[in-house]
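Here is what each chain is made of, one letter per residue.
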Amino acid sequence: MNKVLISVLGSDQPGIMAVIADVINQRNGNIENLSQTLLNSVFGALLLVDVPHDEKAEELQTALENACNNMGLFIRVHPWNEEASDWYQNKPEVQPYIVTVIGPDRQGIVAEVAGQLYKHGVNITNMQAIFKGGKNPMDNLMVFEIDVPKATIMNDLRDAFVEISQRLDLEVSVQHRKIFDSVSNILN
């Protein structure tokens, strides 16, 4: 078997995953991992798929596009060699944290927060942002799930977020994942 990475984007509608999965199954492929989300009305999915050795990425892409031709989707299939990045191969010991950012919508917030995380060697493993615009802080929320190397000096990272908070009029919270989950369970 060889692996391909499939991306699917388009307007949300019933049946997208059914058609994609059916084509993969008919071609003797196996979905090993997938992530699907909605961004307003936009559907997005990434699938890591094991396909037969003789399956070509271009042929699978054509088959998927033909099956979904009336759905208006953007589909790409790329060969995946599973060679992890140097960082991933030498991944430091990490701890999971959650960063929440609340405040007025303005250009550059994602770049500021992601830039500080990168500067401190932190990997973003998942991110969700909801920006409704305007000055009501509760209408604009970002949640970053991050892996923080144990060697990171958390006070330095927190100080960087204090500076961003003051400069951009934001509320930034950094919590260990276990604390975040415990507080969330208590409140629910």
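On a predicted model such as this, the values are computed, not experimentally measured, just so you know.

What UniProt calls "domain: ACT" (unreviewed entry) maps, in this numbering, to residues 5–80 and 98–175. Structurally, residues 5–80 comprises 29% helix and 45% strand, and the distance from its first C-alpha atom to its last is 6 Å.

This part covers the packing of helix 4 (residues 109–119) against helix 5 (residues 154–168). Put simply, helix 4 and helix 5 touch, their axes get as near as 10 Å, and they point 165 degrees apart. As the angle between them shows, helix 4 and helix 5 are arranged roughly antiparallel. Considering only the axes of helix 4 and helix 5, their crossing is right-handed. In this structure, helix 4 uses Glu112, Val113, Gln116 and Leu117 to contact helix 5, whose residues at the interface are Leu157, Ala160, Phe161, Ile164, Arg167 and Leu168. Tallied by class, the residues present in the contact of helix 4 with helix 5 amount to seven nonpolar, one polar and two charged.

A word on the packing of aromatic side chains. A ring pair, where both rings are aromatic, is described by two values, the distance of the centres and the angle of the planes. In this structure the tally under the stated criterion is one aromatic pair. Taking the centre distance of 6.2 Å and the plane angle of 55 degrees together, the rings of Trp87 and Tyr88 count as tilted. Relative accessible area serves as the criterion here: at 34%, Trp87 is assigned to the partly exposed category.

Spatially, the four strands line up as an open sheet ordered 2-3-1-4, and their pairing is antiparallel. Each edge of the open sheet is held by one strand with a lone partner, namely strand 2 (30–39) and strand 4 (74–80). Pairwise comparison of adjacent strand axes, ignoring direction, gives a mean angle of 15 degrees for this sheet. Together, strand 1 (2–11), strand 2, strand 3 (42–51) and strand 4 form the strand contacts of helix 1 (residues 16–26), whose direction differs from that of strand 3 by roughly 15 degrees. Across the sheet, helix 2 (residues 57–67) lies against strand 1, strand 3 and strand 4, angled at about 160 degrees from strand 4, the strand it touches most.

Once that is clear, we can look at the nonpolar core. As a rule of thumb, nonpolar side chains are buried together in soluble globular proteins. Judged by nonpolar contacts, the single largest core of 22 residues is most densely connected at Ile6, Val8, Ile20, Leu47 and Ile75. Breaking this core down by element, the ones donating at least two residues are strand 1, helix 1, strand 3, helix 2 and strand 4.

Checked against the element boundaries, Asp105 lands in the loop between strand 5 (94–102) and helix 4. When its relative accessible area of 34% is taken as the criterion, Asp105 is described as partly exposed. C-alpha of Asp105 to C-alpha of Leu170: the two residues are 65 residues apart in sequence and 9.4 Å apart in space.

What counts and what doesn't
- Residues numbered from 1 in each chain as written.
- Predicted model: local features only at pLDDT ≥ 70, side-chain atom pairs only at ≥ 80, totals over all residues.
- Heavy atoms only, no water.
- UniProt positions renumbered as here; feature names shortened; annotations may be inferred.
- Helix = DSSP H or I, 4+ residues; strand = E, 2+ residues; numbered from the N terminus.
- Axes fitted to C-alpha atoms, helices over the stretch in contact; angles between N-to-C directions.
- Parallel < 35°, antiparallel > 145°, perpendicular 65-115°, else oblique.
- Left-handed = near helix turned anticlockwise from the far one by under 90°.
- Contact = heavy atoms within 4.5 Å.
- Nonpolar A, V, L, I, M, F, W, Y, C, P; charged D, E, K, R; others polar.
- Phe/Tyr/Trp six-rings, centres within 6.5 Å; stacked < 30°, edge-to-face > 60°.
- Buried < 20%, exposed > 50% of the residue type's maximum accessible area, 1.4 Å probe, protein only.
- Pairing = 2+ DSSP bridges.
- Core = buried A, V, L, I, M, F, W, Y, C linked by side-chain atoms within 4.5 Å.

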